[in-house]
Amino acid sequence: MPEAVRRFAYDDRPVPIGMGQTISQPYIVALMTELAAVGRGSRVLEIGTGSGYQAAVLAELGAHVCSIELLAPLRDRAVDILAHSGTRR
């Protein structure tokens, strides 16, 4: 999360990440994941990587995730975050 909004990291609300984009609120990420019935071995195409939060959640559940981000600065930041979090790229 950008330093300016890090104080909202544990709130259940969308948080701006720059370039007019937000991280979805945790409840929505959990609901989408549950409704999609994603689990080990699932293959997921995510359009709009943003911060990489949803991709990381899906990967932790054992899914193979292909995530696409149009905005290069967000993509580059998400790649860095995911690489440092131990999530495979």
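Please refer to the structure placed before this passage.
Note that the structure is predicted; figures quoted are calculated from it, not measured. (Residues numbered from 1 in each chain as written. Predicted model: local features only at pLDDT ≥ 70, side-chain atom pairs only at ≥ 80, totals over all residues. Heavy atoms only, no water.)

(A) Spatial organisation of helix α2 (residues 53-60). Residues of α2 that are buried include every one of Q54, A55, A56 and L58, and no others. Close packing links the buried residues of α2 with α1 (26-35), β3 (43-47), β4 (64-68) and α3 (72-85). In the stretch just after α2, G62 is the one whose phi turns positive, near 95 degrees. (Buried < 20%, exposed > 50% of the residue type's maximum accessible area, 1.4 Å probe, protein only. Helix = DSSP H or I, 4+ residues; strand = E, 2+ residues; numbered from the N terminus. Contact = heavy atoms within 4.5 Å.)

(B) Region of interest: the packing of aromatic side chains. Following the criterion strictly, the structure yields 0 aromatic pairs and no others. The ring centre of F8 lies 3.9 Å from the NZ or CZ of R13, which sits over that ring. (Phe/Tyr/Trp six-rings, centres within 6.5 Å; stacked < 30°, edge-to-face > 60°. Lys NZ or Arg CZ within 6 Å of the ring centre and 35° of its normal.)

(C) Main features of the pairing of β4. As paired strands, β3 and β4 are joined by 5 bridges and run parallel to one another. Bridged to V44 within β4 is V65. The β-α-β motif built from β3, the intervening α2 and the parallel element β4 has right-handed crossover chirality. (Pairing = 2+ DSSP bridges. Right-handed = clockwise from strand over helix to strand, strands pointing away.)

(D) Just the pairing of strand β1 (residues 15-18), in detail. With 3 bridges joining them, β1 and strand β2 (residues 21-23) adopt antiparallel strand pairing. The residue bridging G18 from the neighbouring strand is Q21, located in β2. Joining the antiparallel neighbours β1 and β2 is a turn of 2 residues, in which M19 adopts a positive phi near 55 degrees.

(E) Here's a closer look at the side chain of E46. Structurally, E46 can be placed in strand β3. Overall, the relative accessible area of 11% leaves E46 in the buried class. At 2.5 Å, the side chain of E46 and the side chain of S67 are in polar contact. Look past the residues within four positions of E46 in its chain and what remains in contact with it is Q54, A55, C66, S67 and I68. (Polar contact = N/O pair within 3.5 Å; in protein donor to acceptor, adjacent residues only side chain to side chain.)

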